[in-house]
Amino acid sequence: MKIHPTALVDPDAQIGVDVEIGPFSVVGPQALIGNKSIVHSHVVIEGNVVIGTGNFIGQGAIIGTAPQDLSFSPERKTKVEIGNDNMIREYCTIHRGSPEGSVTKIGDNNFLMVGTHVGHNCEIGNNVVIANNCLLAGHVRVDDGAFLGGGSTFHQHMHVGRLVMVQGSSAFGKDLPPFVIAAERNSVFGVNMIGLRRAGFSAQDRDEIRTAFKLVYLSGLNISQALKQAAATEFGAVAREFFDFVAAAKKRGVCPYKTLEGRALSRP
(Lines give C-alpha, C1' and ligand atoms only; values in the text may rest on other atoms or scores of the structure.)
Protein backbone atom coordinates (compact mmCIF):
# COMPACT_ATOMS: atom_id res chain seq x y z
CA MET A 1 0.00 0.00 0.00
CA LYS A 2 1.35 3.41 -1.00
CA ILE A 3 -0.49 6.44 0.40
CA HIS A 4 0.90 9.93 -0.19
CA PRO A 5 1.45 11.85 3.07
CA THR A 6 -0.91 14.64 1.96
CA ALA A 7 -3.82 12.25 1.30
CA LEU A 8 -6.59 12.14 3.92
CA VAL A 9 -7.62 8.52 4.36
CA ASP A 10 -10.05 7.83 7.19
CA PRO A 11 -8.75 5.09 9.51
CA ASP A 12 -12.05 3.23 9.11
CA ALA A 13 -11.68 3.00 5.32
CA GLN A 14 -10.81 -0.48 4.06
CA ILE A 15 -7.81 -0.33 1.73
CA GLY A 16 -6.60 -3.44 -0.09
CA VAL A 17 -3.13 -4.71 -0.92
CA ASP A 18 -0.93 -2.80 -3.39
CA VAL A 19 -3.29 0.19 -3.50
CA GLU A 20 -1.85 3.61 -4.40
CA ILE A 21 -3.51 6.83 -3.23
CA GLY A 22 -2.09 10.09 -4.58
CA PRO A 23 -1.56 13.59 -3.17
CA PHE A 24 -4.47 15.51 -1.64
CA SER A 25 -7.01 12.75 -2.19
CA VAL A 26 -9.76 12.25 0.39
CA VAL A 27 -11.11 8.79 1.25
CA GLY A 28 -14.04 8.58 3.65
CA PRO A 29 -14.74 6.07 6.43
CA GLN A 30 -17.22 3.93 4.47
CA ALA A 31 -14.97 3.42 1.45
CA LEU A 32 -13.65 0.02 0.43
CA ILE A 33 -10.92 0.01 -2.23
CA GLY A 34 -9.87 -3.36 -3.64
CA ASN A 35 -6.39 -4.68 -4.28
CA LYS A 36 -4.07 -3.18 -6.90
CA SER A 37 -6.22 -0.11 -7.48
CA ILE A 38 -4.69 3.29 -8.21
CA VAL A 39 -6.25 6.51 -6.96
CA HIS A 40 -4.51 9.56 -8.38
CA SER A 41 -4.32 13.04 -6.86
CA HIS A 42 -7.22 15.23 -5.69
CA VAL A 43 -9.75 12.38 -5.83
CA VAL A 44 -12.72 12.42 -3.42
CA ILE A 45 -14.32 9.10 -2.40
CA GLU A 46 -17.19 9.86 -0.05
CA GLY A 47 -20.07 7.87 1.44
CA ASN A 48 -20.63 4.13 1.09
CA VAL A 49 -18.46 3.25 -1.90
CA VAL A 50 -17.23 -0.26 -2.77
CA ILE A 51 -14.50 -0.37 -5.41
CA GLY A 52 -13.20 -3.70 -6.71
CA THR A 53 -9.71 -4.73 -7.76
CA GLY A 54 -7.43 -3.29 -10.40
CA ASN A 55 -9.26 -0.02 -10.92
CA PHE A 56 -7.65 3.24 -12.04
CA ILE A 57 -9.19 6.51 -10.83
CA GLY A 58 -7.80 9.66 -12.42
CA GLN A 59 -7.09 13.08 -11.00
CA GLY A 60 -10.00 15.06 -9.61
CA ALA A 61 -12.60 12.29 -9.88
CA ILE A 62 -15.42 12.46 -7.34
CA ILE A 63 -17.17 9.23 -6.37
CA GLY A 64 -20.03 8.63 -3.95
CA THR A 65 -21.15 12.15 -3.19
CA ALA A 66 -24.83 13.02 -2.76
CA PRO A 67 -27.04 12.81 -5.85
CA GLN A 68 -28.35 15.87 -7.65
CA ASP A 69 -31.91 15.07 -6.64
CA LEU A 70 -34.01 17.69 -4.85
CA SER A 71 -35.90 14.93 -3.02
CA PHE A 72 -32.73 13.43 -1.53
CA SER A 73 -32.12 13.64 2.21
CA PRO A 74 -28.62 13.10 3.64
CA GLU A 75 -29.70 10.49 6.19
CA ARG A 76 -30.62 7.99 3.48
CA LYS A 77 -28.35 4.96 3.26
CA THR A 78 -27.34 4.62 -0.37
CA LYS A 79 -24.14 3.57 -2.10
CA VAL A 80 -21.92 3.17 -5.16
CA GLU A 81 -20.63 -0.23 -6.30
CA ILE A 82 -17.80 -0.41 -8.83
CA GLY A 83 -16.47 -3.72 -10.16
CA ASN A 84 -12.99 -4.66 -11.35
CA ASP A 85 -10.47 -3.35 -13.88
CA ASN A 86 -12.26 -0.11 -14.70
CA MET A 87 -10.52 2.95 -16.11
CA ILE A 88 -12.12 6.08 -14.61
CA ARG A 89 -10.30 9.10 -15.96
CA GLU A 90 -9.90 12.67 -14.77
CA TYR A 91 -12.80 14.66 -13.31
CA CYS A 92 -15.43 11.95 -13.63
CA THR A 93 -18.33 12.24 -11.19
CA ILE A 94 -20.25 9.19 -9.96
CA HIS A 95 -23.10 9.90 -7.53
CA ARG A 96 -24.54 7.44 -5.06
CA GLY A 97 -28.15 6.23 -5.20
CA SER A 98 -31.04 8.46 -4.23
CA PRO A 99 -33.92 6.28 -2.86
CA GLU A 100 -33.28 4.61 0.48
CA GLY A 101 -31.14 1.49 0.11
CA SER A 102 -30.45 2.05 -3.59
CA VAL A 103 -27.19 1.73 -5.52
CA THR A 104 -25.35 3.25 -8.46
CA LYS A 105 -23.59 0.33 -10.17
CA ILE A 106 -20.64 0.10 -12.55
CA GLY A 107 -19.52 -3.35 -13.71
CA ASP A 108 -16.13 -4.55 -14.99
CA ASN A 109 -13.66 -3.46 -17.67
CA ASN A 110 -15.34 -0.15 -18.42
CA PHE A 111 -13.61 2.99 -19.70
CA LEU A 112 -15.04 6.29 -18.50
CA MET A 113 -13.17 9.11 -20.23
CA VAL A 114 -12.51 12.61 -18.91
CA GLY A 115 -15.48 14.48 -17.47
CA THR A 116 -18.05 11.68 -17.61
CA HIS A 117 -21.00 12.17 -15.25
CA VAL A 118 -22.82 9.08 -13.96
CA GLY A 119 -25.96 10.17 -12.14
CA HIS A 120 -27.63 8.48 -9.21
CA ASN A 121 -28.91 4.92 -9.65
CA CYS A 122 -27.33 4.43 -13.06
CA GLU A 123 -26.38 0.88 -14.00
CA ILE A 124 -23.39 0.45 -16.29
CA GLY A 125 -22.67 -3.09 -17.50
CA ASN A 126 -19.31 -4.48 -18.60
CA ASN A 127 -16.91 -3.45 -21.38
CA VAL A 128 -18.68 -0.13 -21.90
CA VAL A 129 -16.84 2.91 -23.29
CA ILE A 130 -18.16 6.33 -22.31
CA ALA A 131 -16.25 9.09 -24.07
CA ASN A 132 -15.37 12.56 -22.79
CA ASN A 133 -18.04 14.74 -21.20
CA CYS A 134 -20.97 12.36 -21.57
CA LEU A 135 -23.81 13.13 -19.16
CA LEU A 136 -25.95 10.30 -17.78
CA ALA A 137 -28.96 11.45 -15.77
CA GLY A 138 -30.40 9.41 -12.91
CA HIS A 139 -31.50 5.80 -13.41
CA VAL A 140 -29.89 5.42 -16.87
CA ARG A 141 -29.00 1.83 -17.74
CA VAL A 142 -26.22 1.03 -20.22
CA ASP A 143 -25.78 -2.61 -21.25
CA ASP A 144 -22.58 -4.49 -22.06
CA GLY A 145 -20.31 -3.36 -24.87
CA ALA A 146 -22.03 -0.07 -25.63
CA PHE A 147 -19.99 2.88 -26.90
CA LEU A 148 -21.23 6.38 -26.02
CA GLY A 149 -19.66 9.11 -28.13
CA GLY A 150 -18.20 12.21 -26.51
CA GLY A 151 -20.46 15.01 -25.33
CA SER A 152 -23.65 12.95 -25.61
CA THR A 153 -26.50 13.28 -23.11
CA PHE A 154 -28.95 10.68 -21.82
CA HIS A 155 -32.32 11.44 -20.19
CA GLN A 156 -33.23 9.94 -16.83
CA HIS A 157 -34.67 6.41 -16.75
CA MET A 158 -33.67 5.61 -20.34
CA HIS A 159 -32.05 2.32 -21.40
CA VAL A 160 -29.15 1.85 -23.82
CA GLY A 161 -29.02 -1.69 -25.18
CA ARG A 162 -26.09 -4.02 -25.69
CA LEU A 163 -23.43 -3.05 -28.27
CA VAL A 164 -25.14 0.21 -29.17
CA MET A 165 -22.86 2.70 -30.93
CA VAL A 166 -23.67 6.36 -30.21
CA GLN A 167 -22.24 9.20 -32.26
CA GLY A 168 -20.68 12.06 -30.33
CA SER A 169 -22.65 15.21 -29.45
CA SER A 170 -25.97 13.36 -29.59
CA ALA A 171 -28.93 13.50 -27.20
CA PHE A 172 -31.45 10.83 -26.24
CA GLY A 173 -34.64 10.66 -24.23
CA LYS A 174 -35.98 7.38 -25.61
CA ASP A 175 -34.59 3.87 -25.29
CA LEU A 176 -31.96 2.60 -27.73
CA PRO A 177 -32.46 -1.06 -28.73
CA PRO A 178 -29.41 -3.34 -28.72
CA PHE A 179 -27.06 -3.52 -31.70
CA VAL A 180 -28.05 -0.19 -33.30
CA ILE A 181 -26.15 2.88 -34.44
CA ALA A 182 -27.66 6.04 -32.92
CA ALA A 183 -26.96 9.72 -33.50
CA GLU A 184 -28.24 13.27 -33.42
CA ARG A 185 -31.41 13.66 -31.32
CA ASN A 186 -33.36 10.46 -30.62
CA SER A 187 -32.48 8.89 -33.97
CA VAL A 188 -31.42 5.40 -35.02
CA PHE A 189 -29.62 5.00 -38.33
CA GLY A 190 -29.00 1.27 -38.70
CA VAL A 191 -27.36 -1.84 -37.24
CA ASN A 192 -23.87 -1.72 -35.71
CA MET A 193 -22.51 -4.41 -38.04
CA ILE A 194 -18.85 -3.61 -37.41
CA GLY A 195 -19.40 -3.84 -33.66
CA LEU A 196 -21.19 -7.17 -34.08
CA ARG A 197 -18.31 -8.61 -36.11
CA ARG A 198 -15.76 -7.40 -33.57
CA ALA A 199 -17.83 -8.96 -30.79
CA GLY A 200 -17.69 -12.34 -32.57
CA PHE A 201 -21.32 -12.59 -33.71
CA SER A 202 -21.80 -15.20 -36.42
CA ALA A 203 -22.98 -14.29 -39.90
CA GLN A 204 -26.31 -15.96 -39.12
CA ASP A 205 -26.78 -13.91 -35.96
CA ARG A 206 -25.89 -10.71 -37.80
CA ASP A 207 -28.43 -11.52 -40.51
CA GLU A 208 -31.13 -12.22 -37.92
CA ILE A 209 -30.45 -8.92 -36.17
CA ARG A 210 -30.68 -7.11 -39.49
CA THR A 211 -33.99 -8.87 -40.23
CA ALA A 212 -35.32 -7.96 -36.78
CA PHE A 213 -34.30 -4.34 -37.28
CA LYS A 214 -36.06 -4.19 -40.65
CA LEU A 215 -39.25 -5.69 -39.20
CA VAL A 216 -39.43 -3.07 -36.43
CA TYR A 217 -38.19 -0.06 -38.38
CA LEU A 218 -38.68 -0.59 -42.12
CA SER A 219 -41.71 -2.86 -42.58
CA GLY A 220 -44.32 -0.11 -42.41
CA LEU A 221 -45.88 -1.79 -39.37
CA ASN A 222 -46.30 -0.03 -36.06
CA ILE A 223 -44.47 -1.42 -33.02
CA SER A 224 -47.37 -3.58 -31.82
CA GLN A 225 -47.91 -5.07 -35.26
CA ALA A 226 -44.19 -5.74 -35.75
CA LEU A 227 -43.92 -7.48 -32.38
CA LYS A 228 -46.99 -9.59 -33.13
CA GLN A 229 -45.49 -10.69 -36.43
CA ALA A 230 -42.15 -11.39 -34.73
CA ALA A 231 -43.88 -13.62 -32.18
CA ALA A 232 -45.32 -15.71 -35.00
CA THR A 233 -41.94 -16.06 -36.75
CA GLU A 234 -39.00 -18.28 -35.82
CA PHE A 235 -36.05 -16.20 -34.65
CA GLY A 236 -32.88 -17.00 -32.74
CA ALA A 237 -31.78 -15.69 -29.34
CA VAL A 238 -30.15 -12.44 -30.48
CA ALA A 239 -33.15 -11.38 -32.56
CA ARG A 240 -35.39 -12.23 -29.61
CA GLU A 241 -33.18 -10.01 -27.45
CA PHE A 242 -33.87 -7.15 -29.86
CA PHE A 243 -37.65 -7.74 -29.87
CA ASP A 244 -37.82 -8.23 -26.10
CA PHE A 245 -36.05 -4.92 -25.58
CA VAL A 246 -38.49 -3.10 -27.86
CA ALA A 247 -41.46 -4.73 -26.15
CA ALA A 248 -40.16 -3.69 -22.72
CA ALA A 249 -39.37 -0.09 -23.68
CA LYS A 250 -40.56 2.49 -21.21
CA LYS A 251 -43.36 5.00 -21.72
CA ARG A 252 -41.36 7.19 -24.12
CA GLY A 253 -40.68 4.16 -26.35
CA VAL A 254 -37.66 3.50 -28.55
CA CYS A 255 -35.85 5.99 -30.73
CA PRO A 256 -37.21 6.14 -34.31
CA TYR A 257 -35.34 5.37 -37.51
CA LYS A 258 -34.00 8.20 -39.60
CA THR A 259 -32.80 8.04 -43.20
CA LEU A 260 -29.72 9.86 -44.37
CA GLU A 261 -32.08 12.38 -45.95
CA GLY A 262 -33.56 13.01 -42.50
CA ARG A 263 -37.04 11.56 -43.04
CA ALA A 264 -38.22 9.38 -40.16
CA LEU A 265 -39.79 6.14 -41.34
CA SER A 266 -40.80 4.32 -38.16
CA ARG A 267 -44.30 4.60 -36.79
CA PRO A 268 -45.21 4.97 -33.11
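Being a predicted model, the structure only gives us computed values, none of them experimental.

Definitions and limits used
Residues numbered from 1 in each chain as written. Predicted model: local features only at pLDDT ≥ 70, side-chain atom pairs only at ≥ 80, totals over all residues. Heavy atoms only, no water. Helix = DSSP H or I, 4+ residues; strand = E, 2+ residues; numbered from the N terminus. Rg over C-alpha atoms; globule rule 2.2 N^0.38 Å. Buried < 20%, exposed > 50% of the residue type's maximum accessible area, 1.4 Å probe, protein only. Contact = heavy atoms within 4.5 Å. Areas by Shrake-Rupley, 256 points an atom, 1.4 Å probe, with all protein chains shown as cover. Lys, Arg positive; Asp, Glu negative; His and termini not counted. Charge placed at Lys NZ, Arg CZ, Asp CG, Glu CD. Pairing = 2+ DSSP bridges. Axes fitted to C-alpha atoms, helices over the stretch in contact; angles between N-to-C directions. Phe/Tyr/Trp six-rings, centres within 6.5 Å; stacked < 30°, edge-to-face > 60°.

### Examining the overall build of the protein chain
- Helix and strand counts for the protein chain stand at four helices and 28 strands.
- For 268 residues, the compact-globule formula gives about 18 Å, and the C-alpha radius of gyration of the protein chain, at 20 Å, lands near that figure.
- Taken over the C-alpha atoms alone, the protein chain extends approximately 65 × 40 × 30 Å along its principal axes.
- Burial analysis of the protein chain (268 residues in total) assigns 49% to the buried set.
- In the protein chain, the share of contacts with a sequence separation of at least 24, taken over all contacts with a separation of at least 6, comes to 31%.
- For the protein chain, the exposed surface amounts to about 12600 Å²; the carbon and sulfur share of it is 52%.
- Side-chain charges in the protein chain split into 25 positive and 24 negative, and the spacing between the mean points of these groups amounts to 9 Å.

### Focus on the sheet that holds strand E8 (residues 44-45)
- What the nine strands build is an open sheet, ordered E2-E5-E8-E11-E14-E17-E20-E23-E26; its pairing is parallel. The open sheet has two edge strands with one neighbour each: strand E2 (8-9) and strand E26 (171-172).
- Examined bridge by bridge, strand E14 (residues 93-94) and strand E17 (residues 117-118) share two bridges and lie parallel to one another. Bridging across to E17, Ile94 finds its partner in Val118.

### Some points on the sheet that holds strand E25 (residues 165-166)
- What the 11 strands build is an open sheet, ordered E1-E4-E7-E10-E13-E16-E19-E22-E25-E27-E28; its pairing is mixed. Strands at the two margins of the open sheet, each flanked by one partner only, are strand E1 (2-3) and strand E28 (187-191).
- Of the pairings in the sheet, the one linking strand E22 (residues 147-148) to E25 comprises two bridges and is parallel in character. Paired with Phe147 across the two strands is Met165, which belongs to E25.
- Sheet contacts for helix H2 (residues 203-217): strand E27 (180-183) and E28; angle to E28, the most-contacted strand, approximately 145°.

### Considering the packing of aromatic side chains
- What the rule picks out here adds up to eight aromatic pairs.
- Between Phe154 and Phe172 the ring centres are 5.7 Å apart and the planes differ by 20°, which places this aromatic pair in the stacked class. With Phe154 in strand E23 (residues 153-154) and Phe172 in strand E26, this residue pair connects regions lying 18 residues apart in the sequence.
- Note on Phe179 and Phe201: the rings are 5.6 Å apart at their centroids and 70° apart in plane angle, and the pair reads as edge-to-face. In this pair, Phe179 sits in the loop between E26 and E27 while Phe201 sits in the loop between helix H1 (193-198) and H2, placing the two residues 22 residues apart along the sequence.

### Structural notes on the side chain of Asn110
- Tracing the sequence through the fold places Asn110 in the loop between strand E15 (103-106) and strand E16 (111-112).
- Its relative accessible area of 2% is what places Asn110 among the buried residues.
- Contact partners of Asn110, with chain neighbours within four places excluded, come to Asp85, Asn86, Met87, Ile124, Gly125, Asn126, Asn127 and Val128.

Purely spatial values, then, with no claim about function.
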